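Okay, here's what each chain looks like letter by letter:
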Amino acid sequence: MDNSEFLAAVLQIEKEKNISRDEIFNAISEALLTACKQTYGNNDNIFVDIDHETGAYHLYTKKTVVK
């Protein structure tokens with residue numbers, strides 16, 4: 001699924017279920033965080049960034065670099 005299909009699905013859910021786009025993106029973010037934590041361990045340094053206009057999403061982990 002590319003970004004345009006993802007965004008189209010979000011817009012369809014918004015119209016059919018009368019749920020705000022922000023609530024949908026928040027639920028998707030939480031689901032992605034849960035999936036990452038189950039896969040890579042319960043790491044509190046995982047972050048999700050979803051662009052509400054394009055549907056592009058990125059997952060980040062914050063790490064400390066030591067010498």
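Procedures and definitions
Residues numbered from 1 in each chain as written. Predicted model: local features only at pLDDT ≥ 70, side-chain atom pairs only at ≥ 80, totals over all residues. Heavy atoms only, no water. Helix = DSSP H or I, 4+ residues; strand = E, 2+ residues; numbered from the N terminus. Expected span 1.5 Å × (residues − 1). Contact = heavy atoms within 4.5 Å. Pairing = 2+ DSSP bridges. Buried < 20%, exposed > 50% of the residue type's maximum accessible area, 1.4 Å probe, protein only. Axes fitted to C-alpha atoms, helices over the stretch in contact; angles between N-to-C directions. Parallel < 35°, antiparallel > 145°, perpendicular 65-115°, else oblique. Left-handed = near helix turned anticlockwise from the far one by under 90°. Nonpolar A, V, L, I, M, F, W, Y, C, P; charged D, E, K, R; others polar. Salt bridge = Lys/Arg side-chain N within 4 Å of Asp/Glu carboxyl O.

Draft legend 1. Seen up close, helix α1 (residues 3-17). The terminal C-alpha atoms of α1, which comprises 15 residues, lie 21 Å apart, in line with the 21 Å expected from a rise of 1.5 Å per residue. Tucked inside the fold, the buried residues of α1 contact α2 (21-40), β1 (46-50) and β2 (57-61). The first or second residue beyond α1 is asparagine 18, which carries a positive phi of 55°.

Draft legend 2. Highlighting the pairing of β1. Examined bridge by bridge, β1 and β2 share 5 bridges and lie antiparallel to one another. Looking at β2, one finds that valine 48 is bridged to leucine 59. Between the end of β1 and the start of β2, which pair antiparallel, lie 6 residues, with glycine 55 showing a positive phi angle near 85°.

Draft legend 3. Fine view of the environment of asparagine 18. Its place among the elements puts asparagine 18 in the loop between α1 and α2. What makes asparagine 18 exposed here is its relative accessible area of 70%. The sequence separation of asparagine 18 and lysine 63 amounts to 45 residues, and the corresponding C-alpha distance is 39 Å.

Draft legend 4. Spotlight on the packing of α1 against α2. Relative orientation of the contacting elements α1 and α2 amounts to 125°, with a least axis distance of 9 Å. Considering their axes alone, α1 and α2 lie oblique with respect to each other. Considering how the two elements wind past one another, α1 and α2 form a crossing that is right-handed. Of the residues in α2, those touching α1 at Phe6, Leu7, Val10, Leu11, Ile13 and Glu14 are Arg21, Ile24, Phe25 and Ile28. Partitioning the contact of α1 with α2 into residue classes produces 8 nonpolar, no polar and 2 charged.

Draft legend 5. How the structure looks around α2. In a regular helix each residue adds 1.5 Å, so 20 residues correspond to 28 Å; α2 covers 28 Å between its end C-alpha atoms and thus fits that length. Residues of α2 that are buried: Ile24, Phe25, Ser29, Leu33 and Cys36. Elements in contact with the buried residues of α2: α1, β1 and β2.

Draft legend 6. Examining the pattern of salt bridges more closely. Counted according to the given criterion, the structure contains 1 salt bridge. Where glutamate 14 meets arginine 21, a salt bridge forms, and the shortest distance between an N and an O atom there is 3.6 Å.

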